[in-house]
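Residue-level listing of the chains:
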Amino acid sequence: MNYFLIVAVIVLTIFFVIEIRRSLSRSKKTVELIQKYINDKKNPQLIDEMFQFAINDRRLSRIVKKYNADKNDFAALYKKLLLWADFKKYNRFVPINSFFYASALEYLLSHKNDDAKSLAQKMLNYFHI
């Protein structure tokens, strides 16, 4: 019985460390992109970097594949969010952060044909802004 508990604790610890590392890398990337592009919001390189992160992340890549999303989808959604949610609060900038959280990205891609205002309101509520 003790052997099973030790193995379970080790597995949970490894899982915890992996998830914390993923969360920290996501936060680091969002802050980096916000600082880099806050004064150049329409730079197409931003969309490339967000899309690249999404297809390299194990959770986000599943969502991208599920909705067959491409850079054009990211660009269109980014423009919609930029229209109604173009402001920064602390280390959050909704048009960028929305693409780095699995549930937010899934909502955006599943409602990509919705109007800009409703998408922005949903993301503002998601980030408690």
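Residues numbered from 1 in each chain as written. Predicted model: local features only at pLDDT ≥ 70, side-chain atom pairs only at ≥ 80, totals over all residues. Heavy atoms only, no water.

**Q** Lay out the side chain of Arg26 with the relevant residues and their values.
**A** Tracing the backbone through its elements, the reader meets Arg26 in helix α1 (residues 2-37). Within the buried set, Arg26 has no salt-bridge partner at all; the shortest N-O distance to an opposite charge, 7.0 Å, is to Asp57. Among all residues touching Arg26, those that are not within four sequence positions of it are Phe53, Phe100 and Tyr101. (Helix = DSSP H or I, 4+ residues; strand = E, 2+ residues; numbered from the N terminus. Buried < 20%, exposed > 50% of the residue type's maximum accessible area, 1.4 Å probe, protein only. Lys, Arg positive; Asp, Glu negative; His and termini not counted. Salt bridge = Lys/Arg side-chain N within 4 Å of Asp/Glu carboxyl O. Contact = heavy atoms within 4.5 Å.)

**Q** Quick rundown of the packing of α1 against helix α2 (residues 44-56)? Include the residues and the values.
**A** At a minimum axis distance of 11 Å, the contact between α1 and α2 shows a crossing angle of 175 degrees. With respect to α2, the element α1 is oriented roughly antiparallel. Residues Ser25, Arg26, Lys29, Glu32, Leu33, Lys36 and Tyr37 of α1 pack against Gln45, Leu46, Glu49, Met50 and Phe53 of α2. (Axes fitted to C-alpha atoms, helices over the stretch in contact; angles between N-to-C directions. Parallel < 35°, antiparallel > 145°, perpendicular 65-115°, else oblique.)

**Q** Break down the side chain of Ser98 for me, with residues and values.
**A** Within the secondary structure layout, Ser98 lies in the loop between α5 (94-97) and α6 (102-110). Within the local environment of Ser98, its side chain forms a polar contact with the backbone oxygen of Val94, the two atoms lying 2.6 Å apart. Beyond its immediate stretch of four places on either side in the chain, Ser98 contacts Leu81, Ala104, Leu105, Leu108, Met123 and Phe127. (Polar contact = N/O pair within 3.5 Å; in protein donor to acceptor, adjacent residues only side chain to side chain.)

**Q** Talk me through the environment of Leu46; I want residue IDs and the actual numbers.
**A** Along the polypeptide, Leu46 turns up in helix α2. If near-sequence neighbours (up to four positions away) are discounted, Leu46 is found in contact with Leu33, Tyr37, Lys41, Tyr78 and Ile96.

**Q** Could you give me a rundown of the pattern of salt bridges, with the residues and numbers involved?
**A** Enumeration over the complete set of coordinates arrives at 9 salt bridges. Residues Arg58 and Glu19 are paired through a salt bridge, measuring 2.0 Å at the closest nitrogen-oxygen approach. Separated by 39 residues along the polypeptide, Arg58 in helix α3 (residues 58-66) and Glu19 in helix α1 bring together distant segments of the chain. By relative accessible area, Arg58 is classed as partly exposed at 36%. By relative accessible area, Glu19 is classed as buried at 16%. Here Glu49 and Lys29 are joined by a salt bridge, their closest N and O atoms 3.3 Å apart.

**Q** Talk me through the nonpolar core; I want residue IDs and the actual numbers.
**A** Residues Met50, Phe74, Tyr78, Ile96, Phe99 and Leu105 are the most contacted members of the largest nonpolar core, which totals 34 residues. Looking at this core, the elements with two or more residues in it are α1, α2, α3, α4 (71-84), α5, α6 and α7 (116-126). Once residues lying within four places of it in the same chain are set aside, the contact partners of Leu105 are Leu60, Ile63, Val64, Phe74, Ser98 and Phe99. (Core = buried A, V, L, I, M, F, W, Y, C linked by side-chain atoms within 4.5 Å.)

Without other data, these values stay purely geometric and don't point to any function.
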